[in-house]
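Descriptive analysis of the structure
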Amino acid sequence: MPHHPQLFRRSRCAMRPTIPRPFQVNAEDSAMPLRLIQLSDLHLFGDPSATLLGITTRQSFEAVLSLALAQPDPPQALILSGDLVQDASAAGYRYLRERLKRTEIPHYCIAGNHDLPALLTEHLGAAGLGAVALRRLAGWNLIFLDSSAAEQVSGVLTPTQLEQLAALLAAETAPALICLHHHPLSIGSTWMDQIGVSNGAALLALCERHPQVKAVLFGHVHQAFAEQRGSCWFLGAPATCFQFKPRSVNFALDDQPPGYRELTLYPDGQVRTRIVRLSAYAEIPLPQAGGY
Ligand SMILES: [Fe+2]
């Protein structure tokens, strides 16, 4: 399997018009659906002009975030599903903290294989979530898991995380959304399926046993993905920078523009979701890139 050393090193990874109008957000009002935006795999650098595989990652993140915030109904929360900073730089995390703060929207950040969890929590403060975290919004339980493992590209959930998740799901019957960086199931891409959550089957079994888990949200795959198992959706998101080609045997970049996932969670447990991408993006990923 070809690897791109810079990427593999754990760094030490038809718009509607804007209609301005007042929008009262009350995340505690359980009669209202909850609108969320998932932003994933930013791969930012401390240097604003730094590029990765031909993409100026800060610029593409800014463009995707602006697109998300330009939609008529603003989200009640932003979920950033890992690979936030590529170069283990405090400057990268500080930039992200300030940029997210300016949105004035609650945001939740989890680590990916390219992040340094300690640096992430140091600089993102309360927005940086640990091994297992629960946030209650609009009658939903948002459960965040850190699937990153030091010096590994693939992910893992520790026995303690799985025990805590099982206890949480046994005690809490409200509809739940689980968020983590790595994919816990096959996405039909041979090279990517070797670097998902190594014990993803344990998470799948928990979801099967607890039907209040309506969706599992992940990043890492740099592509749109959706599969329903039982009553639970497994959803992957595009990256805010370069994309990977779906169902590819070996590493391959896709020419789809950067984007994000939008979710609407209803009080009765229904989930509606869609992928939104930039209509065009000036930069294209390097065609000669040989691995990730
Ligand atoms: Fe990534």
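Residues numbered from 1 in each chain as written. Predicted model: local features only at pLDDT ≥ 70, side-chain atom pairs only at ≥ 80, totals over all residues. Heavy atoms only, no water.

**A few points about the overall build of the protein**
Helix and strand counts for the protein stand at seven helices and 15 strands. Out of the 292 residues in the protein, the part that is buried amounts to 58%. When the accessible surface of the protein is totalled, it reaches about 11700 Å², and 53% of it is carbon and sulfur. (Helix = DSSP H or I, 4+ residues; strand = E, 2+ residues; numbered from the N terminus. Buried < 20%, exposed > 50% of the residue type's maximum accessible area, 1.4 Å probe, protein only. Areas by Shrake-Rupley, 256 points an atom, 1.4 Å probe, with all protein chains shown as cover.)

**Observations concerning the sheet that holds strand E7 (residues 140-145)**
On the basis of which strands lie adjacent, the open sheet formed by six strands has the order E6-E7-E8-E9-E11-E10 and mixed pairing. Strands with a single pairing partner mark the edges of an open sheet, and in this sheet they are strand E6 (132-137) and strand E10 (225-229). Each strand of the sheet is rotated relative to its neighbour by a mean of 15 degrees, with strand direction disregarded. Here four bridges tie E7 to strand E8 (residues 176-180), and the two strands are oriented parallel to one another. The residue of E8 that forms the bridge with Ile143 is Ile178. In the packing of helix H5 (residues 159-171) onto the sheet, contacts are made with E6, E7, E8 and strand E9 (213-218), and the angle to E7 comes to roughly 175 degrees. (Pairing = 2+ DSSP bridges. Axes fitted to C-alpha atoms, helices over the stretch in contact; angles between N-to-C directions. Contact = heavy atoms within 4.5 Å.)

**Focus: the sheet that holds strand E5 (residues 107-110)**
Strand order in this open sheet of five strands is E5-E4-E1-E14-E15, and the pairing throughout is mixed. Looking at which strands have only one partner, the edges of the open sheet turn out to be E5 and strand E15 (271-277). The average undirected angle you get between the axes of adjacent strands in this sheet is 20 degrees. With four bridges joining them, strand E1 (residues 34-39) and strand E4 (residues 77-81) adopt parallel strand pairing. Note that in E4 the partner of Ile37 across the bridge is Leu78. Sheet strands touched by helix H3 (residues 90-103): E4 and E5. Its angle to E4, the strand with the most contacts, is close to 155 degrees.

**Brief notes about the nonpolar core**
Judged by nonpolar contacts, the single largest core of 69 residues is most densely connected at Leu80, Leu84, Leu96, Ile178, Leu203 and Val216. Top contributing element to this core by residue count: helix H2 (residues 57-69), with five residues. Judged by nonpolar contacts, the second largest core, of 21 residues, contains Leu36, Ala77, Trp140 and Phe144. (Core = buried A, V, L, I, M, F, W, Y, C linked by side-chain atoms within 4.5 Å.)

**Re the pairing of strand E14 (residues 259-265)**
Judged by how many residues are buried, E14 sits mostly within the fold: seven of seven residues are covered. By the alternation rule, side chains of E14 split into Gly259, Arg261, Leu263 and Leu265 and Tyr260, Glu262 and Thr264, which are all buried. Across five bridges, E1 lies against E14 in antiparallel orientation. When the bridges of E14 are listed, Arg35 appears paired with Thr264. For E14 and E15, the ladder comprises seven bridges, and the chain directions are antiparallel.

**Overview of the pattern of salt bridges**
Across all of its chains, the model carries seven salt bridges by this definition. A salt bridge links Asp254 to Lys245; the nearest nitrogen and oxygen atoms lie 3.6 Å apart. You can call Asp254 buried: its relative accessible area is 12%. Its relative accessible area of 36% is what places Lys245 among the partly exposed residues. (Salt bridge = Lys/Arg side-chain N within 4 Å of Asp/Glu carboxyl O.)

**Considerations on helix H7 (residues 200-209)**
Those residues of H7 that fall on the buried side of the exposure criterion are Gly200, Leu203, Leu204, Leu206 and Cys207. Along the axis of H7, the buried positions cluster into a sector of 160 degrees, meaning they face one direction only. The outward face of H7, more than 90 degrees from its buried face, is lined by the exposed residues Ala201, Glu208 and Arg209. Where the residues of H7 are buried, they touch E7, H5, E8, E9, E10 and strand E11 (232-236). (Arc of directions from axis to C-beta.)

**Topic: the environment of Gly112**
Note that Gly112 resides in the loop between E5 and helix H4 (117-124). The class of Gly112 is buried, set by a relative accessible area of 0%. As a C-alpha pair, Gly112 and His220 span 108 residues in sequence and 7.4 Å in three-dimensional space.

**Things to note about the packing of H5 against H7**
The interhelical angle for the contact between H5 and H7, taken along N-to-C directions, is 5 degrees, at an axis separation of 11 Å. Classified by the angle their axes make, H5 and H7 are roughly parallel. Of the residues in H7, those touching H5 at Leu162, Leu165 and Ala166 are Ala202, Leu203 and Leu206. By residue class, the composition of the contact of H5 with H7 is six nonpolar, no polar and no charged. (Parallel < 35°, antiparallel > 145°, perpendicular 65-115°, else oblique. Nonpolar A, V, L, I, M, F, W, Y, C, P; charged D, E, K, R; others polar.)

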